[in-house]
Amino acid sequence: MYSERALADRFALDDLLTAYAVAIDTDQVTELTRMSTEDAVFDYQSSGGPRGSVEDAQQWLEKSLTQVPVRAHLIVNRRFDINGDSACAEAHFFNPMSVRVPGQKGDMWNPGGGYYSVTFRRTGKGWRISELVMLQTWRVAVAVHTPGKAGGGHHAS
């Protein structure tokens with residue numbers, strides 16, 4: 001049986017991961033500052049990004065996400081290990097998205113997935129992310145045609 005505090009911690013950590021995903025998907029990466037400890041490290045190396053501070057992550061995300069007009073970042077299968085004022089989570093992610101490819105008409109359907117390994121620290125302001133490591137394990141690219149633009153479709157003979 002879980003104590004009230006353990007349940008409250010679990011909900012707070014779950015809410016923090018959800019807030020992270022929503023911030024990425026809604027172009028509010030400045031929210032990472034509020035969600036993180038001052039010394040937090042974000043590691044996006046598996047998808048071509050940096051391993052660095054919150055500011056490093058924000059700069060890279062702001063630049064990279066301009067090429068990703070459609071995204072719906074899902075963090076699922078969350079497992080938490082809570083020990084006092086520190087916690088860890090392992091979770092899968094699935095990121096259906098489209099990307100703009102310079103010189104190409106329409107967008108490229110580019111879903112991907114993998115895992116997050118996240119450590120948290122309880123602060124005077126509540127739980128915060130102290131390290132987030134994204135391990136992208138797969139990504140595919142499929143050409144799609146945007147409705148109303150040339151290409152694709154069935155023509156009767």
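Residues numbered from 1 in each chain as written. Predicted model: local features only at pLDDT ≥ 70, side-chain atom pairs only at ≥ 80, totals over all residues. Heavy atoms only, no water.

Participant: Quick rundown of the pattern of salt bridges? Include the residues and the values.
Facilitator: Following the criterion strictly, the structure yields 11 salt bridges and no others. Asp9 serves as the salt-bridge partner of Arg5, at 3.8 Å between the closest nitrogen and oxygen. With a gap of 4 residues between them, Arg5 and Asp9 both fall in helix α1 (residues 4-25), about one helical turn apart. Through salt bridges that share partners, Arg5, Asp9, Asp85 and Arg122 make up one connected network. (Salt bridge = Lys/Arg side-chain N within 4 Å of Asp/Glu carboxyl O. Helix = DSSP H or I, 4+ residues; strand = E, 2+ residues; numbered from the N terminus.)

Participant: Before we move on, could you go through the pairing of strand β8 (residues 112-123) and cite the residues and values that matter?
Facilitator: As paired elements, strand β5 (residues 86-95) and β8 share 10 bridges and run antiparallel to each other. Paired with Ala89 across the strands is Val118, a residue of β8. Sheet topology note: the β8/strand β9 (residues 126-139) ladder contains 12 bridges and is antiparallel. In the strand pairing of β9, Gly113 is matched with Trp138. (Pairing = 2+ DSSP bridges.)

Participant: A description of the side chain of Asn95 should follow, citing residues and the corresponding values.
Facilitator: Note that Asn95 resides in strand β5. Owing to a relative accessible area of 12%, Asn95 belongs among the buried residues under this scheme. The contacts of Asn95, once residues within four sequence positions are left out, are Arg71, Ala72, His73, Asn110, Pro111, Gly112 and Arg139. (Buried < 20%, exposed > 50% of the residue type's maximum accessible area, 1.4 Å probe, protein only. Contact = heavy atoms within 4.5 Å.)

Participant: Got a sec to walk through the nonpolar core? Specific residues and values, please.
Facilitator: Counting 34 residues, the largest nonpolar core has Tyr20, Phe42, Tyr44, Tyr116, Val118, Phe120 and Leu132 as its most contacted members. Sorting elements by how many residues they give to this core places α1 first, with 7 residues. Not counting chain neighbours up to four residues away, the residues in contact with Val118 comprise Leu17, Ala87, Cys88, Ala89, Ile129, Glu131 and Leu132. (Core = buried A, V, L, I, M, F, W, Y, C linked by side-chain atoms within 4.5 Å.)

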